[in-house]
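One-letter residues, chain by chain:
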Amino acid sequence: MVLERGTLFDPKLVTDLVEKVQGKSSLARLSQEKPIPFNGQKEFVFTMDNEVDVVAESGKKSHGGISLAPRTIIPIKVEYGARVSDEFLYASDEEKINILKAFNDGFAKKAARGLDLMAFHGVNPRTGTASAVIGDNNFDAAVTQAVEAPLGMSDANGVVESAIALVHGSNGDVTGMAIDSTFRSALAKQKDQQGNPMFPELAWGNAPGSINGLPVDVNKTVSDMSDNARAYVGDFQNGFKWGYAKQIPLEVIQYGDPDNSGLDLKGYNQVYIRAELFLGWGILDPESFARVVELSE
């Protein structure tokens, strides 16, 4: 056998997996990624209270003032497993690699979606319910600045401007925006004073990487598993960080009922492939973000 219990993902597969995560996750696309150790990592956020001071030669220096807010990013373990025919055990090495590549592709998509759902909404992606493990380490809980848009979001452009104003009002920068397809459609319907589309690049369902020069990502994860979230605006480059632990365990399980389905693997000529990924993230400055929520009737 090429693979046995406890084998780690090949480094090439790890790189490929993370690249795919970055391509599917709004947060990964808009923010910085850095590897995170298993035991977590502490990020220090400094707030300078005053501006720099001009000092004359031999002049007196004054106290500027500073506050320090450490935030710890703790990796959370997520896993995904699937049953495949036990022909996997007897396949050629090349065929096993092909199977693992296919599994890697699927796992990357689920991990990308999971990162957004966990960090945006604080839910366990498998159940769709709030996760005690995640707690308040999510945008819906940590970001208090919000723009409430009326049902239908007839003034979607004005909503974006209001959200940006909230961030700027808190001395934050806006480096990106994540929106769902509903909000994308609302923006596409916006007209200028002459009746022309305000954002023609959004016509026919297009989802460009930027609008008016602002990086934008359209993703169902913005609103999936949330009652009214439609967009998140803010400083994704500096106010949010995420990462993964490089060691990604991979198991090929031949016996028992590892997914608690009631079906014995040997009895059904199957093996179980399970991968675990340690993901961590931190909202370093919640006031550098604003949420857009759609009001119900």
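Note that the structure is predicted; figures quoted are calculated from it, not measured. (Residues numbered from 1 in each chain as written. Predicted model: local features only at pLDDT ≥ 70, side-chain atom pairs only at ≥ 80, totals over all residues. Heavy atoms only, no water.)

### Topic: the layout of surface pockets
Link 1 in the chain: Each pocket or cavity is described by its volume, and for the largest pocket that value is around 520 Å³.
Link 2 in the chain: In this structure, the largest pocket is lined by 21 residues; those nearest its centre are Val78, Glu79, Asn124, Pro125 and Arg126.
Link 3 in the chain: When residues of the lining of the largest pocket are traced back to their parent elements, those giving at least two are β4 (76-85), α4 (93-121) and β5 (123-124).
Link 4 in the chain: Partitioning the lining of the largest pocket into residue classes produces 13 nonpolar, 3 polar and 5 charged. (1 Å grid on protein atoms, 1.4 Å probe; cavity = no way out; pocket = protein on both sides within 12 Å on 5 of 7 lines; lining within 4 Å. Points joined across faces, edges and corners; volume = space filled by probe spheres on them. Helix = DSSP H or I, 4+ residues; strand = E, 2+ residues; numbered from the N terminus. Nonpolar A, V, L, I, M, F, W, Y, C, P; charged D, E, K, R; others polar.)

### Topic: the pattern of salt bridges
Link 1 in the chain: Overall, the coordinates contain 12 salt bridges when judged by the stated rule.
Link 2 in the chain: Salt-bridge contacts for Asp16 lead to Lys20; the nearest nitrogen and oxygen are separated by 2.7 Å. Within this pair, Asp16 and its partner Lys20 are both found in helix α1 (residues 11-24), separated by 4 residues, close to a single helical turn.
Link 3 in the chain: Relative accessible area serves as the criterion here: at 25%, Asp16 is assigned to the partly exposed category.
Link 4 in the chain: In this structure, the salt-bridge partner of Lys77 is Glu276, at a minimum N-O distance of 3.9 Å. (Salt bridge = Lys/Arg side-chain N within 4 Å of Asp/Glu carboxyl O. Buried < 20%, exposed > 50% of the residue type's maximum accessible area, 1.4 Å probe, protein only.)

### Considering the packing of aromatic side chains
Link 1 in the chain: Across all of its chains, the model carries 8 aromatic pairs by this definition.
Link 2 in the chain: Through successive ring pairs, a cluster of aromatic residues spans Phe120, Phe139, Tyr232, Phe236, Phe240 and Phe289. (Phe/Tyr/Trp six-rings, centres within 6.5 Å; stacked < 30°, edge-to-face > 60°.)

### Some words on the nonpolar core
A general feature of soluble globular proteins is that nonpolar side chains tend to end up buried together.
Link 1 in the chain: The biggest cluster of nonpolar side chains holds 43 residues, and the ones touching the most others in it are Phe139, Phe240, Trp242, Leu277, Leu279 and Trp281.
Link 2 in the chain: Once residues lying within four places of it in the same chain are set aside, the contact partners of Phe139 are Leu27, Ala119, Phe120, Tyr232, Phe236, Phe240, Ile283, Phe289 and Arg291.
Link 3 in the chain: Counting residues in hydrophobic clusters, the runner-up holds 24 residues, among them Ala149, Ala156, Val160 and Val292. (Core = buried A, V, L, I, M, F, W, Y, C linked by side-chain atoms within 4.5 Å. Contact = heavy atoms within 4.5 Å.)

### A look at the sheet that holds strand β9 (residues 210-211)
Link 1 in the chain: The sheet built from 6 strands is open, its strands ordered β7-β15-β11-β8-β10-β9 with mixed pairing. The strands lining the two open edges of the sheet, one partner per strand, are β7 (146-149) and β9.
Link 2 in the chain: Relative to strand β11 (residues 229-234), strand β8 (residues 176-179) is paired through 4 bridges, and the arrangement is antiparallel. Following the sheet pairing, Ile179 is matched in β11 by Ala231. (Pairing = 2+ DSSP bridges.)

### Re the pairing of strand β14 (residues 270-283)
Link 1 in the chain: In terms of burial, β14 is a largely internal element, 13 of the 14 residues being buried.
Link 2 in the chain: In this sheet, β14 lies alongside β4 in antiparallel orientation, the contact comprising 10 bridges. Residue pairing for β14: Arg83 is matched across the bridge by Tyr272.
Link 3 in the chain: Direction of pairing for strand β12 (residues 240-244) relative to β14: antiparallel, over a ladder of 5 bridges. Paired with Gly243 across the bridge in β14 is Gly280.

### Side note on the environment of Val218
Link 1 in the chain: With respect to the element layout, Val218 can be found in strand β10 (residues 214-218).
Link 2 in the chain: Relative accessible area serves as the criterion here: at 24%, Val218 is assigned to the partly exposed category.
Link 3 in the chain: In this structure, Val218 is in contact with Ile179, Asp180, Ser181, Arg184 and Ala207, ignoring residues within four places of it in sequence.

### Considerations on the packing of helix α6 (residues 156-169) against helix α7 (residues 181-188)
Link 1 in the chain: Orientation of α6 relative to α7, taken along the N-to-C sense of each, is 115 degrees, at an axis distance of 8 Å. By the angle class used here, α6 and α7 are roughly perpendicular. Contacts from Ala156, Asn157, Val159 and Val160 of α6 reach α7 at Phe183, Ala186 and Leu187.
Link 2 in the chain: Its residues assigned to classes, the contact of α6 with α7 shows 6 nonpolar, 1 polar and no charged. (Axes fitted to C-alpha atoms, helices over the stretch in contact; angles between N-to-C directions. Parallel < 35°, antiparallel > 145°, perpendicular 65-115°, else oblique.)

### Here we look at α4
Think of an α-helix as turning once every 3.6 residues; residues three or four places apart then point the same way.
Link 1 in the chain: Over its 29 residues, α4 extends 41 Å from the first C-alpha to the last, a length consistent with the 42 Å expected when each residue adds 1.5 Å.
Link 2 in the chain: Following α4 by one or two positions, Gly122 has its phi on the positive side, about 70 degrees. (Expected span 1.5 Å × (residues − 1).)

### Quick notes on the pairing of β11
Link 1 in the chain: In terms of residue burial, β11 counts as a mostly covered element, since 6 of its 6 residues are buried.
Link 2 in the chain: Pairing analysis gives 5 bridges linking β11 to strand β15 (residues 289-294), with the strands arranged antiparallel. Residue pairing in the sheet places Gly234 in a bridge with Phe289 of β15.

### Observations regarding α6
Link 1 in the chain: When the terminal C-alpha atoms of α6 are compared, their 20 Å separation across 14 residues agrees well with the 20 Å that a helix rising 1.5 Å per residue should span.
Link 2 in the chain: Among the residues making up α6, those that are buried are Ala156, Gly158, Val159, Val160, Ala163, Ile164 and Val167.
Link 3 in the chain: Those residues of α6 that are buried are in contact with β7, β8, α7, β11 and β15.

### A short note on the environment of Pro258
Link 1 in the chain: Its place among the elements puts Pro258 in the loop between β13 (250-253) and β14.
Link 2 in the chain: Remark: the alpha-carbon pair of Pro258 and Ala82, spanning 176 residues in sequence, is separated by 9.7 Å.

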